[in-house]
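Structural description and commentary
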Number of protein chains: 2
Amino acid sequence: MTQHRNRRVILAERTTGLPTPDLFELVEDDAPSPGPREVLINNVYVSADPGMKGWISTARNYASVETGATMNAFSVGVVVESNHPDVAEGDVVAANTGWAEYAVADPDRPTFRKVDPALAPISTALGILGINGFTAYFGLLDVGQPREGETVLVSTAAGAVGSAVGQIANIKGCRTVGIAGGTEKTAICTDEFGYSRAIDYKSTDDLDAALREACPDGIDVYFDNVGGDILDTVLGQMNLHGRIAICGTAGTDSWVPQPSGLRPERNMLVSRLRMQGFLCFDYADRYGDAHADLAKWVGEGKIRYREDVAEGLENAPAALAGLYQGRNMGRQLIRVRPDPFA
Amino acid sequence: MTQHRNRRVILAERTTGLPTPDLFELVEDDAPSPGPREVLINNVYVSADPGMKGWISTARNYASVETGATMNAFSVGVVVESNHPDVAEGDVVAANTGWAEYAVADPDRPTFRKVDPALAPISTALGILGINGFTAYFGLLDVGQPREGETVLVSTAAGAVGSAVGQIANIKGCRTVGIAGGTEKTAICTDEFGYSRAIDYKSTDDLDAALREACPDGIDVYFDNVGGDILDTVLGQMNLHGRIAICGTAGTDSWVPQPSGLRPERNMLVSRLRMQGFLCFDYADRYGDAHADLAKWVGEGKIRYREDVAEGLENAPAALAGLYQGRNMGRQLIRVRPDPFA
């Protein structure tokens, strides 16, 4: 076996606030060797995800990265060594291997999937045909349960998840309204992602009035990527038996100490609302269904997507920090090496 | 037809705060006459409900009473005049007729039910075999969806709804923990209603610690009658995929202006919680199922209940005000006239 020299980005320090580049460190060492039933992957793309704020936080979370460890991330790459009977050298695979050029993975884990490079660009395995698409699919359809003709409101509506939510809701016959930051993003919402209306929360003094104007029949489903004040406002405009899917809390920079907001329970009761947090990992056994539907819709041109690709692993921390300033336009990826299929 | 002289209590003034006796007025006039397909009922018991705070509030609510109108309430009484083919003079019926000795009702409304005086005391039609039992039944089983062996936490655990929730959860094989105000109520919780543990929130400095001690395996279902700070605390101790049924918001005196509390969305996301507001009226088409199960459980001695009966319609406003001081022990009713079946 060839011994590969590796480059990877480790978490140097955890934080209670937003991720900044100085919390990470690029290290060089030898690539690891795969154990029994494991494979070695040479990554092509790795991801920068809004949820990483939580992964590196000192607060309680659904996942976390220890200091000194390779920063966790989604990845797609090519298998260069396999000890697993179902995976061959040269296979393109998506896994959860982190910010590294080379990484070992266990194909028996549910996060490991083979990727067909003939179907779509392999980068989509980290976006619309991967975590973002699956998150949108299950969060909207299983948690939000929209019905034809209903109004579906989406925050971070131009983002990798939000844009997919809006388009799936349109496919299901809903009226879609987006919330995004800045006129460039609201223009993308209506011009590219099929939203009926898009609200620029940054230039709106009175979100309550703007929402009432954009959603004259009230809101039936709110797919929420931000929480915070926007959620507080939306809660007052939900229709009877409305559903709120809590997908992310990007609107709050730090949860230590836990911040305050308007109490939700009265609106929950009066309008008989259902609010539910979810993670797409909980639906891992149904990824196949989501992938089939999403690939079909992408192929038919019913779902569009955007990617924002930073070059070089060393730029991963800056790309991550940029997410929280809203600098990215679409799914934020990092190209670790030239894409052999592009 | 006999012309009956009537006494009823009207709402003189709406409020943003807690109900006080001076908001109501006792009036005397002639009893109304039933129209086509209507009946005239001579009430025996009427109710005082925690939800009435919302009914007379100037804030947005699911139901409201206008000033000058008879105060809305649940009632059980005897039909004295019937223009409906399915209802006979002398039938005992539960309806939603308000604080009045005589009232007209429409038997075709879903809130109108015949009551079998041989099955149980007719007052139970306003409690365990009526609104309270149905609220507990659907809120716990449909919204909370407890599974055998799970921990179910209930607030206002000794109350008319809470005590039924705890006992139904026990029947379903759950471990139950109650929260109540005062040692008399916590003693009733464990001695009479089968809770494994009961926490007196009034004498507890550190509810978080008390809950962790009483719920060492975390909380799977929270049946919440109070909201407020207690809900904030519970949210941090819910197990993965936990369910919160929002049944009432008795912990908050006024919703104008909307008060603040700890933001829930991070816990909702991290633990993938589901929080849902509900009203038992939404399940009116399934009251028959609930009644059958509850009557069986009451008959088998698996469900106990308490009633707190005030004498005379003129005492209804004071009985209502007492609810918010936690003065009642069990379902608060008002006896309008001697119970002919007692």
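Conventions adopted
- Residues numbered from 1 in each chain as written.
- Chains lettered and ligands numbered in written order.
- Predicted model: local features only at pLDDT ≥ 70, side-chain atom pairs only at ≥ 80, totals over all residues.
- Helix = DSSP H or I, 4+ residues; strand = E, 2+ residues; numbered from the N terminus.
- Buried ≥ 20, exposed ≤ 12 C-beta atoms within 10 Å, placed from the backbone.
- Least-squares fit on C-alpha atoms with pLDDT ≥ 70 in both.
- Contact = placed C-beta atoms within 7 Å.
- Nonpolar A, V, L, I, M, F, W, Y, C, P; charged D, E, K, R; others polar.
- Pairing = 2+ DSSP bridges.
- Domains from an automatic or database assignment.
- Right-handed = clockwise from strand over helix to strand, strands pointing away.
- Axes fitted to C-alpha atoms, helices over the stretch in contact; angles between N-to-C directions.
- Parallel < 35°, antiparallel > 145°, perpendicular 65-115°, else oblique.
- Left-handed = near helix turned anticlockwise from the far one by under 90°.

1. A short note on the overall build of chain A
Tallying secondary structure elements over chain A gives 9 helices and 16 strands in all. With respect to the principal axes defined by its C-alpha atoms, chain A has extents near 65 × 45 × 35 Å. Across the 342 residues that make up chain A, the buried fraction comes to 51%.

2. Thoughts on the relation of the copies chain A and chain B
Between chain A and chain B, the superposition needs a rotation of 180° and an axial shift of 0.0 Å, giving an RMSD of 0.0 Å. The transformation just described matches what one would write down for a two-fold rotation axis. Mapped onto chain B, 100% of the interface residues of chain A again fall at the interface, so both copies present the same surface.

3. A few points about the interface of chain A and chain B
Taken together, the contact pairs 31 residues of chain A with 31 residues of chain B. Secondary-structure elements contributing two or more residues to the side of chain A that touches chain B are strand S13 (260–262), helix H7 (265–270) and strand S14 (274–277) of chain A. Of the residues forming the side of chain A that touches chain B, the biggest block, 5 residues, is contributed by H7 of chain A. When the residues that make up the side of chain A that touches chain B are grouped by side-chain class, the tally is 14 nonpolar, 10 polar and 7 charged. In this structure, S14 of chain A lies alongside strand S14 (residues 274–277) of chain B, joined through 3 bridges in antiparallel fashion.

4. Brief notes about the domain arrangement of chain A
Residue and element names in this part refer to chain A. Domain assignment breaks chain A into domain 1 (5–127 + 305–335) and domain 2 (133–281). In this structure, domain 1 and domain 2 have C-alpha centres spaced 28 Å apart. Counting residues at the interface gives 13 residues for domain 1 and 12 residues for domain 2. Residue classes in the side of domain 1 that touches domain 2 are distributed as 5 nonpolar, 7 polar and 1 charged.

5. As for the pairing of strand S10 (residues 197–200) of chain B
Two faces belong to every sheet, and in a regular strand the side chains alternate between them. Residues and elements named next belong to chain B. Here strand S9 (residues 175–180) pairs with S10 via 4 bridges, running parallel. Bridged to Gly178 within S10 is Ala198. For the segment spanning S9, helix H4 (residues 183–191) and S10, crossover handedness is right-handed.

6. Let's talk about the sheet that holds S9 of chain B
Pairing is mixed across the open sheet formed by 12 strands, whose spatial order is S10(A)-S9(A)-S8(A)-S11(A)-S12(A)-S14(A)-S14(B)-S12(B)-S11(B)-S8(B)-S9(B)-S10(B). The open sheet is flanked by strand S10 (197–200) of chain A together with S10 of chain B, the only strands paired with a single partner. The average angle at which neighbouring strand axes cross in this sheet is 15°, direction not considered.

7. A short note on the packing of helix H5 (residues 207–214) of chain A against helix H6 (residues 228–235) of chain A
When two helices pack together, their arrangement is given by the angle between the helix axes and the distance between those axes. Residues and elements named next belong to chain A. In the contact formed by H5 and H6, the axes pass within 10 Å of each other and the chain directions differ by 50°. By the angle between their directions, the pair H5 and H6 is classed as oblique. Relative to H6, the crossing made by H5 is right-handed. For the pair H5 and H6, the contacting residues are Leu207, Asp208 and Leu211 in the first and Ile230, Thr233 and Val234 in the second. Class assignment of the residues belonging to the contact of H5 with H6 gives a composition of 4 nonpolar, 1 polar and 1 charged.

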